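# Structural features, examined
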Amino acid sequence: MSNTRNDWWSSVTRMVRNYPARKAEYEALHSQSLVADMTGMPKGGSASRATENIALREMLPMKQQEYEAVTRAIEITRMLPNGEERLKLMRRMYWQGKKLRIDDVIREIHIAEATGKRWHASFIRLVGQCVGYTE
């Protein structure tokens, strides 16, 4: 008996796969430059609100939504029983170099095949829920 996948499944797996790039982009937007301006030219007379400007920076709306959905799913998963092991599965499958098949990863982290597939599907569904594809 085969499982039917929802039409959003591939979009969500792509979001999960792209998470490290989205996280790096988000952190680059929110980092503060520690290098002084070396031009020697005087600056304008308005008040500088550098910290506020950094906090208000956002990525493009769809990228921001994807980043926030995966981040929220990671936070929720971390609170579940065996949360760190579940995230270890996702890290090994998607975020550490080349994407690996689930069969290869479950042998590495020493969990049953059914458990690994259940954890993977649960995480993908949770991201889909966080992004708004499901209720």
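Presented here is a report on the structure given in the accompanying data block. If you're wondering where the values come from, they're calculated on a predicted model, not measured in any experiment.

## Some words on unusual backbone geometry
- Positive phi, close to 60°, is recorded for asparagine 82, a residue that is not glycine.
- Note on placement: asparagine 82 falls in the loop between helix H4 (61-78) and helix H5 (83-95).
- Judged by relative accessible area, which is 44%, asparagine 82 ranks as partly exposed.
- You will see that histidine 110, though not glycine, has its phi angle at about 60°, which is positive.

## Focus: the pattern of salt bridges
- Summed over the entire model, instances satisfying the criterion amount to 10 salt bridges.
- Residue glutamate 75 pairs with arginine 72 through a salt bridge whose shortest N-O separation is 3.5 Å. Residue glutamate 75 and its partner arginine 72 are both found in helix H4; the two are separated by 3 residues, about one turn of the helix.
- A residue is classified by how much of its surface remains accessible, and glutamate 75, at 38% relative accessible area, is partly exposed.
- The salt bridge involving arginine 101 is made with aspartate 104; its shortest N-O contact spans 3.6 Å.
- We classify arginine 101 as exposed; its relative accessible area is 51%.
- Residues participating in the shared-partner salt-bridge network are Arg14, Arg22 and Glu66.

Thresholds, definitions, all that
Residues numbered from 1 in each chain as written. Predicted model: local features only at pLDDT ≥ 70, side-chain atom pairs only at ≥ 80, totals over all residues. Heavy atoms only, no water. Helix = DSSP H or I, 4+ residues; strand = E, 2+ residues; numbered from the N terminus. Buried < 20%, exposed > 50% of the residue type's maximum accessible area, 1.4 Å probe, protein only. Salt bridge = Lys/Arg side-chain N within 4 Å of Asp/Glu carboxyl O.

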